[in-house]
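Chains, contacts and geometry: an overview
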Amino acid sequence: VIMNMNMDMKAMLNNIKANTANMDLKMIDIDELHESADNFFTVDRVEELAESILAQGQIKENLIVTPSDTGYEIVSGHRRAAAVRYLLAKGENVARKLPCFVHRYNNKEDKLMDLIMMNVTQRQISDSDLYNSFLKLNDIFQKRKDKAEKFGKLREKIAEILNVSPAQVG
């Protein structure tokens, strides 16, 4: 069972890597970047991140975005975009164009999975954000289970993604 879970997780991570490899890197103006309505994660410590961006001279990590009717929807990088907006509002001399990987998702579930996985692996998240991540992932996997997709035990799969124990998921 553990071997199957590890192979399932490896396949999922390989899929994310393959998707990332197929993304276009673009410099996109901050005004073209819009918050995702699907983002339920807390956007906090923006001022602290802004100071870090100033100290480094620029954003060093690419945002991940997807095209939308009004520009680009942020999938990963909400805090970075908020920090740049904060700095611009303060009159700081920072680049308006941010490095972004542009990815076209096949469906909303894949986009939401990326949003969750990138947030839970990049930083310490609150219990509330962790619980909301569980709810969203549980819904995605239940739908996939209903479509007869095989991915092992649901509790273990979600625990592995969220980097918690199966007991915590339970």
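Residues numbered from 1 in each chain as written. Predicted model: local features only at pLDDT ≥ 70, side-chain atom pairs only at ≥ 80, totals over all residues. Heavy atoms only, no water.

**Thoughts on the overall build of the chain**
- Helix and strand content of the chain: seven helices and five strands.
- Across the chain, helices and strands are ordered from the amino to the carboxyl terminus as α-β-β-α-β-β-α-β-α-α-α-α.
- When each of the 170 residues of the chain is scored for burial, the buried share is 42%.
- The long-range share in the chain, meaning contacts at least 24 apart out of those at least 6 apart in sequence, stands at 77%.
- When the accessible surface of the chain is summed, it comes to about 10000 Å², and 48% of that surface belongs to carbon and sulfur atoms. (Helix = DSSP H or I, 4+ residues; strand = E, 2+ residues; numbered from the N terminus. Buried < 20%, exposed > 50% of the residue type's maximum accessible area, 1.4 Å probe, protein only. Contact = heavy atoms within 4.5 Å. Areas by Shrake-Rupley, 256 points an atom, 1.4 Å probe, with all protein chains shown as cover.)

**Some words on the environment of Ala50**
- As for its placement among the helices and strands, Ala50 is situated in helix α2 (residues 46–56).
- Ala50 gets classed as buried once you look at its relative accessible area, which sits at 0%.
- Along the sequence, Ala50 and Tyr86 sit 36 residues apart, while their C-alpha atoms lie 7.2 Å from each other.

**Structural notes on the confidence of the model for the chain**
- Scored by pLDDT, the chain comes out at a mean of 80, with 78% of its residues at no less than 70.
- Scored below 50 in pLDDT, residues 1–6 makes four contacts in the model with residues more than four places away or belonging to other chains. (pLDDT = per-residue confidence, 0-100.)

**Here we look at the side chain of Asp38**
- Note that Asp38 resides in the loop between β2 (33–34) and α2.
- A relative accessible area of 15% means that Asp38 is categorised as buried.
- Engagement of the side chain of Asp38 in a polar contact is seen with the side chain of Lys108, the distance being 3.3 Å.
- Non-local contacts of Asp38, meaning those with residues more than four positions away in its chain, are made with Glu73, Lys108, Lys111, Leu112 and Leu115. (Polar contact = N/O pair within 3.5 Å; in protein donor to acceptor, adjacent residues only side chain to side chain.)

**What about the packing of α2 against helix α3 (residues 78–89)?**
- One way to put it is that α2 packs onto α3 with a least axis distance of 8 Å and a crossing angle of 75°. Comparing the axis directions of α2 and α3 gives the class roughly perpendicular. Every residue of α3 that contacts α2 at Val46, Glu47, Leu49, Ala50, Ile53 and Leu54 is listed here: Arg79, Arg80, Ala82, Ala83, Val84, Tyr86 and Leu87.
- Among the residues making up the contact of α2 with α3, the classes are represented as ten nonpolar, no polar and three charged. (Axes fitted to C-alpha atoms, helices over the stretch in contact; angles between N-to-C directions. Parallel < 35°, antiparallel > 145°, perpendicular 65-115°, else oblique. Nonpolar A, V, L, I, M, F, W, Y, C, P; charged D, E, K, R; others polar.)

**Comments concerning the pattern of salt bridges**
- Going through the model one piece at a time under the given rule, you end up with seven salt bridges.
- Glu35 is the salt-bridge partner of Arg85, the closest N and O atoms lying 3.5 Å from each other. In this pair, Arg85 sits in helix α3 while Glu35 sits in the loop between β2 and α2, placing the two residues 50 residues apart along the sequence.
- For Arg85, a relative accessible area of 31% translates into the label partly exposed.
- Note on Glu35: relative accessible area 42%, which makes it partly exposed.
- The residue Glu73 makes a salt bridge to Lys111 at a minimum N-O spacing of 2.9 Å. Taken together, the residues Glu73 in strand β4 (residues 71–76) and Lys111 in helix α4 (residues 108–122) connect sequence positions 38 residues apart. The burial state of Glu73 is the same as that of Lys111; both residues are buried.
- Salt bridges here are not isolated pairs; linked through shared partners, they connect Asp38, Glu73, Lys108 and Lys111. (Salt bridge = Lys/Arg side-chain N within 4 Å of Asp/Glu carboxyl O.)

**Some details on α3**
- An ideal rise of 1.5 Å per residue puts 16 Å on twelve residues; α3 measures up with 16 Å between its terminal C-alpha atoms.
- Buried within α3 are the following residues: His78, Arg79, Arg80, Ala81, Ala82, Ala83, Val84 and Leu87.
- Looking one or two places after α3, you find Gly91, whose phi comes out positive at around 85°. (Expected span 1.5 Å × (residues − 1).)

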